[in-house]
Amino acid sequence: MTVAFWCVLIAVLLPLVCTSIAKLSSGRYNLRQNHDPRAFQETLEGLPRRAHAAQLNSFEAIPAFVAAVVIADIVGNAEQVTQDVLAVLYITSRLLYIICYLADWAVLRSLVWFAGIGLIVSLFVVSA
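Analysis parameters
Residues numbered from 1 in each chain as written. Predicted model: local features only at pLDDT ≥ 70, side-chain atom pairs only at ≥ 80, totals over all residues. Heavy atoms only, no water. Helix = DSSP H or I, 4+ residues; strand = E, 2+ residues; numbered from the N terminus. Expected span 1.5 Å × (residues − 1). Buried < 20%, exposed > 50% of the residue type's maximum accessible area, 1.4 Å probe, protein only. Arc of directions from axis to C-beta. UniProt positions renumbered as here; feature names shortened; annotations may be inferred. Core = buried A, V, L, I, M, F, W, Y, C linked by side-chain atoms within 4.5 Å. Contact = heavy atoms within 4.5 Å.

Any details on helix α5 (residues 106-127)? Residues and values, ideally.
The end-to-end C-alpha separation of α5 is 32 Å, in line with the 32 Å expected for 22 residues at 1.5 Å each. Taken together, the buried positions of α5 are occupied by Arg-109, Val-112, Gly-116, Leu-119, Ile-120, Leu-123 and Ser-127. The arc that holds the buried residues of α5, viewed along the axis, is 90°, so those residues lie on one side. Away from the buried face of α5 by more than 90 degrees, exposed residues Val-107, Leu-111, Phe-114 and Val-125 are located.

Pulling in residues and values, what's your account of the UniProt feature "transmembrane region" (unreviewed entry) in the chain?
In the UniProt entry, the feature "transmembrane region" (unreviewed entry) is given for residues 110-127. Across residues 110-127, helical content stands at 100% and strand content at 0%; the span's end C-alpha atoms are separated by 26 Å.

Go over the nonpolar core, please, and point to the residues and values.
With 16 residues, the main nonpolar core has Phe-65, Val-69, Tyr-90, Ile-91 and Leu-123 as its most contacted residues. Of all the secondary structure elements, the ones that give two or more residues to this core are α1 (3-25), α3 (46-75), α4 (80-103) and α5. Looking at this core element by element, the count peaks at 5 residues for α3. Every residue in contact with Ile-91, bar those within four places of it in the chain, is listed here: Cys-7, Ile-10, Ala-11 and Phe-65. If you look at the next biggest cluster of nonpolar residues, it comprises 13 residues, including Leu-14, Phe-40, Leu-44 and Ala-54.

So this is what it looks like as structure tokens:
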């Protein structure tokens, strides 16, 4: 299995990290809220709410990244090391994005988000 494919797994797990931060940092989550976690998450404020928003954005970003990795692998025009480096950089950008979201650094978060999109586009471009 390639490093890029392992990065897909990491991308799938990142939203779970975010939701854990949202729930645990709220200081009021317990198993009763698990009956309706979406309603609970809508009541969050501050850091827990930003962690929840980062979770939602992470879920939204997964399909494009998975498509880019799979298409790059199928087409095979790019060296595997190039695909792997771009995938690792993408995961790094997602981690930075989450950190920026949690820290409430809105402008930097947006810049990091654009960098992540650029890395997805790069996976397509190097495969062309």
